[in-house]
Amino acid sequence: MDFKHEIKNLTKKYYSEIIGIRRHIHENPELSFEEFETSKYICSKLDEYGISYKAGYVKTGIIGTIKGKNPDKRVIALRADMDALPIDENETHDIKSCNKGVMHACGHDAHSASLLGTAKILNELKNEWEGTILLIFQPGEEKFPGGAKLMMEEGALDNPKPEIILGQHVLPDMDAGDVGFKEGMYMASGDEIYLTITGKGGHAAMPHTLTDNVLVTSHIIVALQQIVSRFVAASIPTVLSFGKVIANGATNIIPEKVEVAGTLRTMNEEWRAKIKEQIKKVATEMASSMGANCEVKINDGYPVVTNEATVTEMAYNAAQDYLGTKHVHKMDIRMTAEDFGYYTEKFPCTFYRFGVKQDGDKKTGGLHTPGFNLNEDALETSVGLMAYLAIEALKK
């Protein structure tokens, strides 16, 4: 069978249905680990397609199963995430959230809709290919500790165990119809840093009688930046940023407590552990030297997303065959984080991007913003390519 030709025909045939699925999910977004209606909807589509599944992993997660000929020959898995973000969507969008304060601002609606479309096509062709394909509909990508980790801890991928996992994600600054791959380290780890600085507060006009916890905090933040510039090897991509500082005093009041929250991103697991220890040391010693105390809490976040070389090369070459070389690109590293990194720790994987940039003057917006508005034409690429990659992966 000419799988490429057949998959392209089926993708065009079901394109309007896939768009309808994406719009339904987009209009009914649910936050991380609360994707109950989304999960029910996906299960209803799997029932409609005649695809078996097991639901209820981490309450809302689903593992679908499609068996081709000789199902034990090879097992692969395809992954999509389902959760939305706590963001108010731009009211000017034609298709927008009906749940105030919740929005699919990271494309997970497109990921889930794409995997359903891919599943429908692969299921229709199951008598033509050998092996088993698992469908991972995952909750909680946007919230620690991450649905990927929790689903695996509940044994979602133990029996059968996939030999490889493929995942995809929208990219707003890439043209619809294009895709991108990156072998090796692709996305950074992501840890949450929380600092609580305490000391004697009081009247701002009498700093000699108190501990200026705001000033202490300022010194700590500046000192911590030197960890990145002087402690970490220049060859290791690292970002330490603080986005939240709460010093609830007044023009003439120094507060007794200041709270700081930030994020650590890096692409080296050995350095990652050392940096966290250095953050604790610098923050506590700086506070102590100025007469204050600093409590440091670090939530271990997602690991580095590392794309296995052989799997990524296979996918890259197959994408060129399916889309044409001009639509397939080599990607650079990204300092954003993804819980797909947990899969890459356990299995040979590749995590690639598909472009969703709007045509002409229509704005796409950025990920995690109220203005994010993807180009639905991209779903023809995301559905068809993933189906083709799955077929190619089963051959290896």
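To be clear, the structure that these remarks concern was listed above.
Along each chain, the written sequence defines residue order, and numbers are assigned to residues from 1. Where local features are concerned, this predicted model is filtered to residues with pLDDT of at least 70; where side-chain atom pairs are given and counted, the filter is 80 or more; whole-chain, interface and lining totals use all residues. Water and hydrogen atoms play no part in the side-chain values, which are based on all heavy atoms of the structure.

### Remarks on the packing of helix H1 (residues 3–27) against helix H2 (residues 36–49)
In step 1: Axis definition: a line fit to C-alpha positions, over the contact stretch in the case of helices; interaxial angles, taken between N-to-C directions, run 0 to 180 degrees. Numbering of helices and strands starts at the N terminus; helices are DSSP runs of H or I of at least 4 residues and strands are runs of E of at least 2. Between H1 and H2, whose axes approach to 11 Å, the crossing angle comes to 160°. As far as their axial angle goes, H2 and H1 are roughly antiparallel. The handedness of the crossing between H1 and H2 is right-handed. In this structure, H1 uses Glu17, Ile21, His24 and Ile25 to contact H2, whose residues at the interface are Thr38, Tyr41, Lys45, Glu48 and Tyr49.
In step 2: In this classification, Asp, Glu, Lys and Arg are treated as charged, Ala, Val, Leu, Ile, Met, Phe, Trp, Tyr, Cys and Pro as nonpolar, and every other residue, Gly included, as polar. The residue makeup of the contact of H1 with H2, split by class, is 4 nonpolar, 2 polar and 3 charged. When an angle is under 35 degrees it counts as roughly parallel; over 145 it counts as roughly antiparallel; between 65 and 115 it counts as roughly perpendicular; any other value is oblique. When the near helix sits turned anticlockwise from the far one by under a right angle, the crossing is termed left-handed; a clockwise turn instead gives a right-handed crossing. Every residue pair with non-hydrogen atoms within 4.5 Å of one another is taken to be in contact.

### Here we look at helix H9 (residues 378–395)
An α-helix turns once per 3.6 residues; consequently, residues spaced three or four apart project the same way.
In step 1: Here, expected helix span is obtained from the residue count minus one, scaled by 1.5 Å. Across its 18 residues, H9 extends 26 Å between first and last C-alpha, which sits within 8% of the 26 Å expected from 1.5 Å per residue.
In step 2: Think of it in three bands: residues with accessible area under 20% of the maximum for their type are buried, residues over 50% are exposed, and the middle band is partly exposed, with areas taken using a 1.4 Å probe on protein chains only. Burial analysis of H9 places 16 of its 18 residues in the buried class, the great majority of the element.

### Considerations on unusual backbone geometry
In step 1: Pro145 follows Phe144 through a cis peptide bond whose omega is 5°.
In step 2: In this fold, Pro145 is placed in the loop between strand S4 (132–138) and helix H4 (147–153).
In step 3: In this structure, Pro160 follows Asn159 across a cis peptide bond, with omega equal to 0°.
In step 4: Structurally, Pro160 can be placed in the loop between H4 and strand S5 (164–175).
In step 5: A positive phi angle, near 45°, is found at Asn70, a position not held by glycine.
In step 6: Inspection of the secondary structure assignment puts Asn70 in the loop between strand S2 (61–67) and strand S3 (75–81).
In step 7: The exposure class assigned to Asn70 is partly exposed, which follows from its relative accessible area of 41%.
In step 8: The phi torsion at His368 lies on the positive side, around 65°, for a residue other than glycine.
In step 9: Relative to the assigned elements, His368 resides in the loop between strand S16 (349–357) and H9.
In step 10: Since its relative accessible area comes to 41%, His368 is described here as partly exposed.

### Digging into the nonpolar core
In step 1: Residues belong to one nonpolar core when they are buried, are Ala, Val, Leu, Ile, Met, Phe, Trp, Tyr or Cys, and are joined through side-chain atoms within 4.5 Å. The biggest cluster of nonpolar side chains holds 68 residues, and the ones touching the most others in it are Ile7, Leu78, Leu122, Trp129, Ile133, Leu135 and Phe137.
In step 2: No other element matches H9, which puts 12 residues into this core.
In step 3: Not counting the four nearest positions on each side in its chain, Phe137 is found in contact with Ile42, Leu46, Gly61, Ile62, Ala80, Met82, Ser112, Leu115, Leu116 and Met151.
In step 4: Among the nonpolar cores identified, the runner-up in size contains 27 residues, and Ala148, Met151, Phe340 and Tyr342 belong to it.

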